[in-house]
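Inside the fold
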Amino acid sequence: MIHRFLTKFLCLTLFTTLSAVYADTIKIPLSGSGTVRSSNTLSVAPPLLDSGDVAIGKSSVQRFEITHIGASDDAAVEIYSIEVGGEDSFDYLTNSFGYTSLSSTETVGFDVTFSPVTLGVKKAFLRIEHSGANSPHLVLLTGVGIDIPASKLDISVTTIDFGTVPTDVSKSQSFILTNVGGNNYPPVTLYNIVLTGDNADSFTTDFNNVVSLEPGKSVTVKVTTNSGIAGNKVAQLSVEHDGSNPPIKVALTAKQEIAQVTNPDGPAIEPVFAQSTLKKAAPKKPSSLQFGPDGNLYVSSRDGDIYVYTVNRAGKNNYTTTKQETITLVQKITNHNDDGSVNKAVKGRLVTGLLVVGTTNNPVIYVSSGDPRMGAGPSGNDSNLDTNSVIVSRLTKNGNNWNKVDLVRGLPRSEENHQGNGMQLSKDGKTLYLAVGGNTNMGLPSNNFARIPEYAYSAAIVEINLQQIGNTTYDLPTLNDEDRAGPDDANDPFGGNNGKNMAILENNGPVKIYAPGFRNAYDVLLTTAGKMYTIDNGPNAGWGAPPPGNCLGNYKDGGTTYKDSLHYITGKGYYGGHPNPTRGSKNNKFNDSNPQSPIQGNANAVECQYKVPGKSNNSLHVFNASTNGFTEYRASNFGGSMQGDLLAGSFDRSVYRIQLNNAGTKLNGIDKLFQKLGTPLDVTAQGDQDIFPGTIWVADYAVNAILVFEPEDYK
């Protein structure tokens, strides 16, 4: 208004002057004074917002301010709206919240965010509608959308060859990863380093956390070869990241050679065995074997029979059965359904654990057996087998007959094929150790395990106090099953009822958890030196997931495939890494109408966590295939080069020789002693004072035979 008033005043003065000059006839003198009056007006700064170059997917924020520049007595200016307009308006956003009132000299600020979605120069404007004299007010907006800059990740090497490495030695090499992006480029995030290939388990890295590398920064990664198994090792390492280049790959190679034990009187001695088959012996589905103190070979059948073979060595590597006895006492144990009711139609027992002790005249057999039915798998079928069906029986010889006492009844049996497996007796004969398989894949109920949870005694090596039980039968007490008449059901301890009637883990009972955390340890071994070892079968992808942080044992499929792992069990309480939420948290309760935890003592929180085999579960080694029965080689053959080694049968058709350090706490090396067998499910070896010293005997499940391996230096 001020400049328009002054313009009119000047024009009027000029017109009057010109009239006086060019018109002599009429002269009209004019005079007066002009005044300037301010009015309510807004100013905006800056008038142009230039966001510059902004990458697609990124944003730039600019701020503008609106000020009431009127006189102090001017009325407030009402801002009605601030809107983005123009052809590229969709690339801009303002945080204006609509109606605003500005008093004289008052200032308010707003942000404009430029977020280009396409490339090129962008033009738009802000239209500010208000009650002031200069409404509407326009603010120009401009910016340029550019390609997203991405940093490249570079690596110092693309191949790592470790050369020749003894199996009892770990060798490491390093490589460097560098973000080679420019100054204004973003960081590169390293998400993971993955090892793949047939020998991936022969290598490890020290990378265990996500790393963000700014431009010009580097990180060093160490790779170690440490499989302990002889042979040529080939694998590939992949670095997963968000840089501009694809995942970086590094080829890994090593040649691992087993360290030979040398004879002080001569050169290194390599064990050599001759293979044969025990003649006139055809065990049906042999699951376990051991020579007894009476010199006879005892072999368990998967279906419950116990074969006793008297064996004769007719000559070099020539073994024949001269007498056979079949014990059917375990095979005839009565089976039940999972509600506890008797099922006489189901015949036989699943036997996967056999231990023979005693004396020459009085051999004693311990057998673990369970319901022979098999359910679960991808169909999720609940076979109605008794999930409390595992029984530990003791068989003693009375003349020409055998007597059976069921020592413990009511231990867990999974809907899959996990149950009570291998056993060992303490040196003082007072404690029996039993490997009990788990009910789940990785800790949670799942379809492929017929949706049942881990039980109080499942997935562990348990210890049984034989003195406390004596010559009686101890029935494990069970939960008060809401589906049954009362707490003292006549069929107890049988019929786990999918967990509602599982056995209770007592504080003062004769059966306790010795070492938890084993998914399905097929065997347990106590060596001559008194050290305990086991091999645990690893989980399968899609068969069930591990528990969440709250340790609630709710149903969940999924899961990951991990390999079988060899464990040195350092003592009571050692955790193998397979979770059992039932023992891990007493918040896991059963029977909705009367919620109960089967744990009488304290929960063991460590059992809520899954530990990865070979990485975080403290195992000495991982196997590529299912590895099950194993034993100690105690003979002095080959100059004692194998004495104290462990032997293990594997589904890759091999028997492994496992060499440990003198303390028995670390792995020195592993190699395949025997190969191209059928399915060596269990293995036993004879000591210097035993019948057939130095020989190794294998129960081959696939061919229903007993394989014999005689040392070249048989004595």
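Residues numbered from 1 in each chain as written. Predicted model: local features only at pLDDT ≥ 70, side-chain atom pairs only at ≥ 80, totals over all residues. Heavy atoms only, no water.

Overview of the sheet that holds strand β24 (residues 350–358)
To keep it simple, the criterion reads: Between any two strands, pairing holds if DSSP finds at least two bridges. We count a stretch as a helix when DSSP gives it H or I for four or more residues in a row; a strand needs E for two or more, and each element gets its number in order from the N terminus.
An order of β24-β25-β26-β27-β31 is seen for the five strands of this open sheet, with the pairing classed as mixed. Looking at which strands have only one partner, the edges of the open sheet turn out to be β24 and β31 (474–475). Pairing of strand β25 (residues 363–370) with strand β26 (residues 390–398) involves six bridges; the strand directions are antiparallel. When the sheet's bridge partners are listed, Y366 is paired in β26 with R394.

Observations concerning the nonpolar core
To keep things clear, this is the line we draw: Throughout, nonpolar core names a set of buried Ala, Val, Leu, Ile, Met, Phe, Trp, Tyr and Cys residues whose side chains join them through atoms within 4.5 Å. The cut-offs for exposure are 20% and 50% of the maximum accessible area for each residue type, with area from a 1.4 Å probe on protein chains only; residues under the lower value are buried, those over the upper are exposed, and the others partly exposed. Throughout, a contact is declared for two residues whenever any of their heavy atoms are within 4.5 Å.
Formed by 30 residues in total, the largest nonpolar core has its most connected members in V408, L411, Y457 and I464. Among the secondary structure elements, those contributing two or more residues to this core are β25, β26, β27 (401–411), β29 (431–436), β30 (460–465), α2 (466–469) and β32 (511–516). Among all residues touching V408, those that are not within four sequence positions of it are V390, I391, V392, I464, I469, Y474, L476 and V511.

Here's the deal with the state of the cysteines
Rules: In plain terms, two cysteine sulfur atoms within 2.5 Å form what is called a disulfide here.
Considering all chains together, one arrives at one disulfide under this definition. Bridging C551 to C608, the disulfide has an S-S length of 2.2 Å. The sign of the S-S torsion, about -90°, decides the handedness of the disulfide formed by C551 and C608: left-handed. Linking C551 in the loop between β34 (532–536) and β35 (564–569) with C608 in the loop between α3 (581–584) and β36 (621–623), this pair joins segments that are 57 residues apart in sequence. Overall, the relative accessible area of 2% leaves C551 in the buried class.

Quick look at the sheet that holds strand β28 (residues 420–425)
Operational definition: Orientation is described by axes fitted as lines to C-alpha atoms, over the contacting stretch for helices, and by angles from 0 to 180 degrees between their N-to-C directions.
Here we have four strands laid out as an open sheet, ordered β28-β29-β30-β32, and antiparallel in their pairing. The open sheet is flanked by β28 and β32, the only strands paired with a single partner. In this sheet, neighbouring strand axes are inclined to one another by 30° on average, regardless of whether the strands run parallel or antiparallel. Pairing geometry for β28 and β29, over four bridges, is antiparallel. Of the residues in β29, the one forming a bridge with L425 is L432.

Section: the confidence of the model for the protein chain
Rules: Across the chain, each position has a pLDDT score giving the predictor's confidence in that residue, from 0 to 100.
When the pLDDT values of the protein chain are averaged, the result is 89; 92% of them are 70 or greater. A low-confidence stretch, residues 1–26 (pLDDT under 50), is modelled with nine contacts involving residues beyond four sequence positions or located in other chains. Note on residues 33–38: pLDDT is under 50 here. Beyond four places in sequence and across chains, it has nine contacts.

So, the pairing of β27
Sheet analysis places β26 next to β27, joined by nine bridges and oriented antiparallel. Paired with R394 across the strands is V405, a residue of β27. With two bridges joining them, β27 and β31 adopt parallel strand pairing. Its bridge partner being in β31, V408 is matched across the sheet by Y474.

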